[in-house]
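# Structural description and commentary
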Amino acid sequence: MPILCEPGPTAVEMLSGIDGEVRRADNLAAAAKLLDGDPNETLVIIGPRAVTGDALAFAASLRLARPAVGVIMARRDIDVTLLMRALQSGVRDVVQVGDDAAMAAACRRSYEVTRRMLAPPTDDESAQGQIVTVFGAKGGCGKTALAVNIGVALAMQGVGRVCVVDLDLAFGDVAISVQLDPLRTILDALPMAGHLDESGAASLLTRYQPGLEMLLAPVTPGDAEKIPPRLVGELLAVLRRMYDFVIIDTPAQLSEHVLTAMDVSSHLVLLTTPDVTALKSLRVSLEMLDMLSYPRQIRSIVVNRADSKVGLSAEQVRKVVRSNIAAHIPSSRAVPISVNKGVPLVLASPAHPVSQSVLKFVQQHLLTSPIRRPAEGRSRGRRRVA
Ligand SMILES: Nc1ncnc2c1ncn2[C@@H]1O[C@H](COP(=O)(O)OP(=O)(O)O)[C@@H](O)[C@H]1O
Ligand SMILES: [Mg+2]
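Notes on the structure follow. Per chain, the residues get numbers from 1 upward, laid out in the order the sequence is written. Lettering for chains starts from A, numbering for ligands starts from 1, and both go in the order in which the items are written. Totals for whole chains, interfaces and linings use every residue, but because this is a predicted model, local features are given only for residues with pLDDT of at least 70 and side-chain atom pairs only at 80 or more, for both listing and counting. Think of the side-chain values as coming from all heavy atoms in the structure, minus any hydrogens and water.

## Describing the packing of helix α3 (residues 52-65) against helix α4 (residues 80-88)
Look at α3 against α4: their axes get within 9 Å of each other, and the N-to-C directions meet at 25°. Classified by the angle their axes make, α3 and α4 are roughly parallel. For the pair α3 and α4, the contacting residues are Thr52, Gly53, Leu56 and Arg63 in the first and Leu82, Arg85, Ala86 and Gln88 in the second. Classification convention: Asp, Glu, Lys, Arg as charged; Ala, Val, Leu, Ile, Met, Phe, Trp, Tyr, Cys, Pro as nonpolar; all other residues, Gly among them, as polar. The residue inventory of the contact of α3 with α4, partitioned by class, reads 3 nonpolar, 3 polar and 2 charged. Axes here refer to lines fitted to C-alpha atoms; in helices the fit is confined to the stretch in contact. Angles between the N-to-C directions go from 0 to 180 degrees. Numbering of helices and strands runs from the N terminus; a helix is a DSSP stretch of H or I covering at least four residues, while a strand is a stretch of E covering at least two. For this classification, under 35 degrees means roughly parallel, over 145 means roughly antiparallel, 65 to 115 means roughly perpendicular, and everything else is oblique. Residue contacts follow a heavy-atom distance rule, with two residues in contact if any of their heavy atoms lie within 4.5 Å.

Structure representation (C-alpha cells):
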C-alpha cells in the first residue's frame, strides 16, 4: 500500500491517480516513520506541500537506505531545473498534480522497477543480465550517442550495474564521447581467450561512474581484425553474469561480431534517421534479421532526429519499415555539444527533450517489458543461413 505524503485537500485530489488503498502521511517525517515500520513498502508519493529541497533529500537518502523503494514527486509546476534535480536525487518520476493518467503510469513503472530489483533469481538464466544491442546500418545515425545515453539512463534509474561495450572495433568512439582514456580495451582480452573469467573481464573495464562501466574499443583500427567473434561471445557470457544490463554500441555493418552480440541479446534497438537512405538500410537490415530468424518481438525501432526539417514524417517512416516505432528522438545541437564536452546529455541535462525521450524509451521498452531471452537455437539457425 503506497504512502502518500500530503496533508489536506490536495491529497484527496491526488488519490484518483493512485490505484488501490493509500496510507497518508502529513509530512516527510511521518512518511519516514511509516516506512520504518513497514519493510515491505515499495512506493512513496510526495505531494506538493513538501518543500522541494526536503523531498529531494528524502529521496536521496532513501536511495541509499532502501533502494527498492520508489519515490514519485507530484508538483504543481514542473520545470527543467526541478526535473534535473529530481532525477539526480533518485526520484523515479515527477508528475503534475491533477494528471491522473501520468500518476497511474508513474506508479506502474515504479512498481515494475522495484519488482525487477527484488525478483529472486529462480535459475541460472534469470540471474543473468540483459544484453541490449544498439544497431543502425547507417554511419552517423546516432548509435554511439544512443548507446551511451541508454547506459547512463539505466544507471540513473538505479536498476543495478550497467556496462557499455564498444563493439565498433575499428572506429569505436565511446571512449572519446565520454572522455575516458582507453588504457584498457577489448584487445587486452586476447591473451585470456578460451579461459576468460569475471576477474579477467573486470580487469578490462573502465569505470565511468559508480555502477556504470565501459569496455572500450581498440585504439588502432587494424587491431579490430585480431579479435575473433568467438571472443566477443565469451566476453558477453561473462559480462552478463556481472551486470544487470550490458549495452552494446556497434559499427554500421552486420559483422560477425555484431551478429554474435545479437545472438545473445534480449533486446535489439534498431536505429534510423528519417531520410530515405537510412530507411533503406534499415529495411535491408530488418529483412536480414528476419532471414536469420531473430525474433521480431525483441526488436525496437527508434527514429533519431525525428523532427528533422527535411525528414520524412512519422507515418512515412512507419510505412517504409512496416513496423511500429518505439521512440522518436528529436534533433538537437545539444547532442553534439554534449559529445564534444564528453558528458552524455542524459546526465548533463536529464530534462532536455532528447534526454526525456531516451529515459522514456528505457522505462517503457527496456525496464517494463518482460525479460526476453534469446530464442533457443537461434545462432544455429543463423549459421546455417550464413
Ligand atoms: N538527436 C540528435 N540530434 C543532433 N545530433 C545528433 C543526434 N544524435 C546524434 N547526433 C550527432 O550525430 C553525429 C553522429 O552520431 P553518432 O552517435 O556518432 O552516430 P553513429 O554511432 O551511428 O555513427 C554525432 O555528431 C552526434 O553528436
Ligand atoms: Mg558510432
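Continuing now.
## Points about the sheet that holds strand β6 (residues 130-135)
By this definition, two strands are paired if DSSP reports at least two bridges between them. What the 8 strands build is an open sheet, ordered β8-β9-β7-β10-β6-β11-β12-β13; its pairing is mixed. Both outer strands of the open sheet, β8 (206-209) and β13 (327-329), are each paired with one neighbouring strand and no more. Within this sheet the neighbouring strands show an average axis-to-axis angle of 25°, counted without direction. In this sheet, β13 lies alongside strand β12 (residues 299-304) in parallel orientation, the contact comprising 3 bridges. Across the sheet, asparagine 304 pairs through a bridge with isoleucine 329, a residue of β13. Helix α9 (residues 229-242) rests against β6, β7 (162-166), β9 (212-215) and β10 (245-249) of the sheet, and its axis sits at about 145° to β10. The strands touched by helix α15 (residues 353-367) within the sheet are β6, β10, β11 (267-272), β12 and β13, with β13 carrying the most contacts at an inclination of about 160°.

## A look at the sheet that holds strand β4 (residues 70-75)
Here 5 strands make up an open sheet; going across it, the order is β2-β1-β3-β4-β5 and the pairing parallel. Edge strands, defined here as strands with exactly one partner in the open sheet, are β2 (23-25) and β5 (93-96). Taking each pair of neighbouring strands and ignoring which way they run, the sheet shows an average axis angle of 25°. Of the pairings in the sheet, the one linking β4 to β5 comprises 4 bridges and is parallel in character. Bridging from a neighbouring strand, alanine 74 pairs with valine 95 of β5. Packing against the sheet, helix α5 (residues 100-118) makes contact with β3 (43-46), β4 and β5, and its axis sits at approximately 165° to β4.

## Considerations on helix α10 (residues 256-263)
Relative accessibility under 20% of the residue-type maximum defines a buried residue, over 50% an exposed one, and the middle range a partly exposed one, all with a 1.4 Å probe and only protein chains included. Burial within α10 is extensive, with 7 of its 8 residues counted as buried. The set of residues buried in α10 consists of His257, Val258, Leu259, Thr260, Ala261, Met262 and Asp263.

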